[in-house]
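# Inside the fold
Spelled out from the first residue to the last, the chains are:
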Amino acid sequence: MPRRCPAPIRDGLAPRRPAAFTVVDGLDAVARLDVRAFEQARLTPGAVAKPLRSRRQQVRLSRRYVTDMTPCGCPCCCDAGHGRTELELALRTLPRRSARQLHSLIDPLDDTFLAHTLPDPHLPEDLPWWERRC
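This write-up is about the structure you can find in this document. (Residues numbered from 1 in each chain as written. Predicted model: local features only at pLDDT ≥ 70, side-chain atom pairs only at ≥ 80, totals over all residues. Heavy atoms only, no water.)

## Here's the deal with the side chain of Thr-117
The topology assignment puts Thr-117 in the segment after α6 (96–116). A polar side-chain atom of Thr-117 sits 2.7 Å from the main-chain carbonyl oxygen of Phe-113. (Helix = DSSP H or I, 4+ residues; strand = E, 2+ residues; numbered from the N terminus. Polar contact = N/O pair within 3.5 Å; in protein donor to acceptor, adjacent residues only side chain to side chain.)

Below is the structure:
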């Protein structure tokens, strides 16, 4: 009986690398593990940290600078809420303790976003609140 080559057998036995993920600053180790498990199960690696970073950057920019940078002049419509939908999904899916910690990071950003934007009365009411702001 012919012998199989060892290379294809070894390739099947090689451990796969875990998917890279980004760390959300401000969360403890348990919450980071919960976020990592959530990202692997529901979204992609970094699906919580990237929108949070984008949201922080958007809030820190001055109103004039954001208006000059977007093609339409509206700071909120070019990125559909700057990842707030993914963050909301994480808040609703994570365990209560981890979601509370993530909420403590997102709430100040939401407050600043609300202070720098106005409600758009022409958008439908069934959209999330962050997509009805301009």
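Anyway, onward from the coordinates.
## Regarding the pattern of salt bridges
Here the structure, examined in full by the defined rule, presents five salt bridges. The salt bridge partner of Arg-84 is Glu-88, with a shortest N-O separation of 2.7 Å. Of the two residues, Arg-84 and Glu-88 both sit in helix α5 (residues 84–93), four residues apart, roughly one turn of that helix. No difference in accessibility class separates Arg-84 from Glu-88, as the two residues are buried. In this structure, Glu-88 and Arg-92 form a salt bridge, with 3.1 Å as the shortest nitrogen-oxygen distance. Of this pair, Glu-88 and Arg-92 are both found in helix α5, four residues apart, which corresponds to roughly one turn of the helix. On the accessibility criterion, Glu-88 (17% relative accessible area) is buried. What you see here is one network of salt bridges that share partners, running through Arg-55, Arg-84, Glu-88, Arg-92 and Asp-110. (Salt bridge = Lys/Arg side-chain N within 4 Å of Asp/Glu carboxyl O. Buried < 20%, exposed > 50% of the residue type's maximum accessible area, 1.4 Å probe, protein only.)

## A closer look at the side chain of Ser-98
The residue Ser-98 is located in helix α6 in this model. Using a relative accessible area of 2% as the deciding quantity, one classes Ser-98 as buried. Excluding residues within four positions of it along the chain, Ser-98 makes contact with Val-30, Ala-31 and Asp-34. (Contact = heavy atoms within 4.5 Å.)

## Focus on the nonpolar core
Of all hydrophobic cores here, the largest spans 20 residues; its most connected members are Val-24, Val-48, Leu-52, Leu-94 and Leu-102. Broken down by element, this core gets its largest block of residues, six residues, from α6. Apart from residues no more than four positions distant in its own chain, Leu-102 is found in contact with Val-24, Leu-27, Val-48, Leu-52, Ala-90, Leu-91 and Leu-94. (Core = buried A, V, L, I, M, F, W, Y, C linked by side-chain atoms within 4.5 Å.)

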